[in-house]
Amino acid sequence: MSHPEIGQRLASIKHVVLVLSGKGGVGKSSCTVQLALSLANQGRKVGVLDIDLCGPSIPRMLGLEGRQIHQATAGWVPVFADSGKQLACMSIGFLLPNKNTSVVWRGPKKNAMIKQFLADVYWGDLDYLLIDTPPGTSDEHLAVVEYLQEWNPDGAVIVTTPQAVALADVKKEINFCTKVGLPLLGLIENMSGFVCPHCAECTNVFSTGGGEGLAKHMDIPFLGRAPIDPNLVMLLEQEDKTVVPNVNNPDAEKIVTGSIVETYQHCELSKIFATITATLEAGLGETK
Amino acid sequence: MSNIPADANEHCPGPESAGAGKAAGCEGCPNQQICSTQASGPDPDLPLITQRLDQTHHKLLILSGKGGVGKSTFTAQLAFALSQTHEVGVVDIDVCGPSLPKIMGVEREDVHRSSNGWTPVFVSDSLSLMSIGFMLPDEDAAVIWRGPKKNGIIKQFLRDVDWPPLDFMLFDTPPGTSDEHLSVVQLLRDSGISGAVILTTPQEVALQDVRKEIDFCRKARVPIMGVVENMSGFVCPGCRHESAIFPPTTGGAQALCDELGIPLLGRIPLDPLVGRACDFGESFADSAPTSPAAVALAEIVKRIESLV
């Protein structure tokens, strides 16, 4: 089945990257957001498409809760996270009447929604479209791959945590990519260690090194290791994204920035993600 | 449960009625095609499932809208704890990411088939487990299934498994509010669900998804037993200071429970030893009985026992 309407939308987008993980709660959405913020900071135009229909987290993380999508003649206009319109976002969260509403949908309806997101959103010119997915290897994943396949998406970034239970699910996701012919762009090991704010000792809450070992074993580029950073968690949590979070010293003078893209640059993790995006961009043949 | 989809026409005859998709009121409904092509009438397997499970006293769903909050970990530890004094069966309906075989330490077991149906894998004399993990050719194999196939295997777990008489049957679910959740609720409609235990972590991003799950339970008329807050606070093994890895910026599970009028069953702190116990398939209450996480868990188990 051909979907020319999707091809038309994708024609103005340079790279389409999916963010996948078999396991839930490993940080797919937070990694997607951080990739997007890092890329936007380097002057790229980025779109984030959230296809986690039952649990959309991106609007909260980007501080876009309660915002609305507008319908224009060219299609649905995504919501922008900054005034410079570098970072656009589309999620089912923008379409729900209130935050308690559940989306109790079976497969076919979810597929239709994903198709609409791909065919009807007016992204304009983008350097990157990052697609955040729900956990698992089921309807949403099959749908998005099926719709994108004929337009050759660049591939998938896999996110994992280091413990064995997560790695088992992630291996399944990697096999899924191989089966459907989706190139693997790299693997990020998230939540690898937590630095105690009191004694600065690093504890491997979910063990460590598992992701790198898996990447080597499965022959995937290893993009980097991101520890748990309470300031980042706070940034994604708080409603006002222009205030730089300072968990260890909440009484310190507040630094206020112009947008979430700038605020993120004050987080320690932004340095790690700058390296991760540089590796990712090099893999995609993009140079600064 | 009422299966009428939210976007159905006003005079929807019900997707399970004989006139589904064909009645006058179905004209123009977005679900008309789905209704008219699927088999009508109640599911003929429902009586079989009810018969299979009539020796099972309490059926508990372990739910969470969010992934990775510890549904499987909690299910396994709850099962280990309950099986000290009760007969417990665990059904892993996370078809795409079955973690229970590993967490319960029965990873390489096989399911045997007898004239009475599939025999579940016994973790101990009083604890049995059924999971798709036992049926995969190797542990890395992906289960790339759309909804209907997932529903099929869940039905088989209920209809075709030779469960012993059980005091508790625990269902470990995948994240979300979709096929697996709808199926298990529909299949257990006649035999009854005692309640759902909802897991969450303290931060708002997780609570958002949990609110959706609670909304689902209310729509599906599944009674909610309470909420368990997992990973609440982390005690540094170096200096014993507690810090919030996932900060409760909006008041955590307590505020959610107050807002929605649901009991909070307890809080389990984040403990690296829990993760390790899971990786090695051990009961956490046995391997570290004095840790704060084990004490919190024991409290919660007591509350659940008293609630059913």
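In this text the structure is predicted, and so the values were computed from the model without any measurement.

Digging into the overall build of chain A
Then, in step 1: Each helix and strand in chain A was counted, giving ten helices and eleven strands.
Then, in step 2: Its C-alpha atoms give chain A a radius of gyration of 18 Å, within 12% of the compact-globule value 19 Å for 288 residues.
Then, in step 3: The C-alpha extent of chain A, read off along each of the three principal axes, is 60 × 45 × 40 Å.
Then, in step 4: In chain A, once contacts between residues fewer than 6 apart in sequence are set aside, the share between residues at least 24 apart is 76%.
Then, in step 5: A total accessible area of about 10700 Å² is found for chain A, and carbon and sulfur atoms account for 51% of it.
Then, in step 6: The centroid of the 23 positive side-chain charges in chain A is displaced by 3 Å from the centroid of its 30 negative side-chain charges.

Section: the overall build of chain B
Then, in step 1: Within chain B one finds eleven helices and eleven strands.
Then, in step 2: For chain B, the spread of C-alpha atoms along the principal axes amounts to about 70 × 50 × 40 Å.
Then, in step 3: Total accessible area computed for chain B in this model is approximately 12100 Å², and 51% of it derives from carbon and sulfur atoms.
Then, in step 4: Distance from the positive charge centre (24 side chains) to the negative charge centre (38 side chains) of chain B: 3 Å.

Here's the deal with the UniProt feature "binding site: ATP" (unreviewed entry) in chain B
Residue and element names in this part refer to chain B.
Then, in step 1: Feature annotation in UniProt assigns "binding site: ATP" (unreviewed entry) to the following positions: Gly65, Lys66, Gly67, Gly68, Val69, Gly70, Lys71 and Ser72.
Then, in step 2: Topologically, Gly70 is positioned in the loop between strand 1 (58-63) and helix 3 (71-82).
Then, in step 3: Among the residues examined, Gly70 registers a relative accessible area of 11% and is labelled buried.
Then, in step 4: Other than its neighbours up to four places away in sequence, Gly70 contacts Leu199 and Asn230.
Then, in step 5: Within the secondary structure, Ser72 is located in helix 3.

Notes on the interface of chain B and chain A
Interface size is commonly expressed as the accessible area that is lost once the parts come together.
Then, in step 1: Taken together, the contact pairs 61 residues of chain B with 57 residues of chain A.
Then, in step 2: In this assembly, chain B packs against chain A so that about 4900 Å² is buried in total across both faces, 56% of it on carbon and sulfur atoms.
Then, in step 3: Considering only the surface of chain B that becomes buried against chain A, Ile144, Arg146 and Lys212 of chain B emerge as the three largest contributors, covering 14% of it.
Then, in step 4: Here chain B and chain A share four salt bridges between them.

Some thoughts on helix 6 (residues 179-187) of chain B
Then, in step 1: Of all nine residues in helix 6 of chain B, eight are buried, a share of seventy percent or more.
Then, in step 2: Residues of helix 6 of chain B that are buried: Asp179, Glu180, His181, Leu182, Ser183, Val184, Val185 and Leu187 of chain B.

A look at unusual backbone geometry
Residues and elements named next belong to chain B.
Then, in step 1: Located in the positive-phi region is Arg221, a residue other than glycine, with phi close to 55°.
Then, in step 2: Relative to the helices and strands, Arg221 is located in the loop between helix 7 (204-219) and strand 9 (224-235).
Then, in step 3: For Arg221, a relative accessible area of 62% translates into the label exposed.

Observations concerning the side chain of Ser99 of chain B
Then, in step 1: When you line up the elements, Ser99 of chain B lands in the loop between strand 2 (88-92) and helix 4 (100-103).
Then, in step 2: When neighbours within four sequence positions are excluded, Ser99 of chain B is seen to be in contact with Val165 and Asp169 of chain A together with Ser72 and Asp92 of chain B.

Some remarks on the pairing of strand 11 (residues 264-270) of chain B
All names here are of chain B.
Then, in step 1: Counting buried positions along strand 11 gives six out of seven residues, so the element sits mostly inside the fold.
Then, in step 2: In terms of strand pairing, strand 9 meets strand 11 through five bridges, oriented parallel. Bridge pairing in strand 11 links Val228 to Gly266.

Here's the deal with the pattern of salt bridges
Residues and elements named next belong to chain A.
Then, in step 1: On inspection of all chains with the given rule, the structure shows 25 salt bridges over all chains.
Then, in step 2: The salt bridge partner of Arg60 is Glu65, with a shortest N-O separation of 3.1 Å.
Then, in step 3: Residue classification places Glu65 among the partly exposed residues on the basis of a relative accessible area of 32%.
Then, in step 4: Where Lys110 meets Glu140, a salt bridge forms, and the shortest distance between an N and an O atom there is 3.0 Å. Of this pair, Lys110 sits in helix 4 (residues 107-120) while Glu140 sits in helix 5 (residues 139-149), and the two are 30 residues apart along the sequence.
Then, in step 5: Judged by its relative accessible area of 4%, Lys110 falls in the buried class.

Some details on helix 5 (residues 147-159) of chain B
Then, in step 1: Taking 1.5 Å of rise per residue, 13 residues should cover 18 Å, and helix 5 of chain B covers 18 Å from first to last C-alpha, within 8% of that figure.
Then, in step 2: Taken residue by residue, helix 5 of chain B has Gly147, Lys150, Asn151, Ile153, Ile154, Lys155, Phe157 and Leu158 of chain B as its buried positions.

Side note on the packing of aromatic side chains
Then, in step 1: Under the definition given, this model contains three aromatic pairs over all chains.
Then, in step 2: When the ring of Trp76 of chain A is compared with that of Phe117 of chain A, the centres are 6.1 Å apart and the planes differ by 70°; the resulting orientation is edge-to-face. Separated by 41 residues along the polypeptide, Trp76 of chain A in strand 4 (residues 75-77) and Phe117 of chain A in helix 4 bring together distant segments of the chain. The pair Trp76 of chain A / Phe117 of chain A is uniform in exposure class, with both members buried.
Then, in step 3: Arranged with centres 5.3 Å apart and planes meeting at 85°, the rings of Phe194 of chain A and Phe234 of chain B form a pair that is edge-to-face.

A few points about the packing of helix 5 of chain B against helix 6 of chain B
Residue and element names in this part refer to chain B.
Then, in step 1: In contact at an axis separation of 9 Å, helix 5 and helix 6 are set at 40° when each is read in the N-to-C sense. Handedness of the crossing formed by helix 5 with helix 6: right-handed. Side by side, helix 5 and helix 6 meet where Gly147, Lys150, Asn151, Ile154, Lys155 and Leu158 of the first sit next to Asp179, Glu180, Ser183 and Leu187 of the second.

Concerning the UniProt feature "binding site: ATP" (unreviewed entry) in chain A
Residue and element names in this part refer to chain A.
Then, in step 1: According to UniProt, the positions carrying the feature "binding site: ATP" (unreviewed entry) are Gly22, Lys23, Gly24, Gly25, Val26, Gly27, Lys28 and Ser29.
Then, in step 2: What makes Gly22 buried here is its relative accessible area of 9%.
Then, in step 3: The contacts of Gly22, once residues within four sequence positions are left out, are Pro135, Gly136, Asp169, Val170 and Glu173.
Then, in step 4: Excluding residues that lie within four positions of it along the chain, Gly27 makes contacts with Val159, Asn190 and Met191.

So, the UniProt feature "binding site: [4Fe-4S] cluster" (unreviewed entry) in chain A
Then, in step 1: The feature "binding site: [4Fe-4S] cluster" (unreviewed entry), as given by UniProt, occupies Cys196 and Cys199 of chain A in the numbering adopted here.
Then, in step 2: Structurally, Cys196 of chain A is set in the loop between strand 9 (184-195) and strand 10 (202-203).
Then, in step 3: A residue is classified by how much of its surface remains accessible, and Cys196 of chain A, at 2% relative accessible area, is buried.
Then, in step 4: Beyond its immediate chain neighbours, meaning those up to four positions away, Cys196 of chain A contacts Glu201 of chain A together with Cys236 and Cys239 of chain B.
Then, in step 5: One can find Cys199 of chain A in the loop between strand 9 and strand 10.
Then, in step 6: Those residues within four positions of Cys199 of chain A in sequence are excluded, and the remaining contacts are Cys236 and Cys239 of chain B.

Observations regarding the UniProt feature "binding site: [4Fe-4S] cluster 1" (unreviewed entry) in chain B
Residue and element names in this part refer to chain B.
Then, in step 1: Per the UniProt record, "binding site: [4Fe-4S] cluster 1" (unreviewed entry) is found at Cys12, Cys26, Cys29 and Cys35. The annotated residues occupy 24 residues of the chain but converge on a single region, no pair of C-alpha atoms lying more than 10.6 Å apart.
Then, in step 2: Tracing the backbone shows Cys29 in the segment before helix 1 (32-37).
Then, in step 3: Other than its neighbours up to four places away in sequence, Cys29 contacts Ala8 and Asn9.
Then, in step 4: A relative accessible area of 15% means that Cys35 is categorised as buried.

Procedures and definitions
- Residues numbered from 1 in each chain as written.
- Chains lettered and ligands numbered in written order.
- Predicted model: local features only at pLDDT ≥ 70, side-chain atom pairs only at ≥ 80, totals over all residues.
- Heavy atoms only, no water.
- Helix = DSSP H or I, 4+ residues; strand = E, 2+ residues; numbered from the N terminus.
- Rg over C-alpha atoms; globule rule 2.2 N^0.38 Å.
- Contact = heavy atoms within 4.5 Å.
- Areas by Shrake-Rupley, 256 points an atom, 1.4 Å probe, with all protein chains shown as cover.
- Lys, Arg positive; Asp, Glu negative; His and termini not counted.
- Charge placed at Lys NZ, Arg CZ, Asp CG, Glu CD.
- UniProt positions renumbered as here; feature names shortened; annotations may be inferred.
- Buried < 20%, exposed > 50% of the residue type's maximum accessible area, 1.4 Å probe, protein only.
- Buried area = accessible area lost by both parts, 1.4 Å probe.
- Salt bridge = Lys/Arg side-chain N within 4 Å of Asp/Glu carboxyl O.
- Pairing = 2+ DSSP bridges.
- Expected span 1.5 Å × (residues − 1).
- Phe/Tyr/Trp six-rings, centres within 6.5 Å; stacked < 30°, edge-to-face > 60°.
- Axes fitted to C-alpha atoms, helices over the stretch in contact; angles between N-to-C directions.
- Left-handed = near helix turned anticlockwise from the far one by under 90°.

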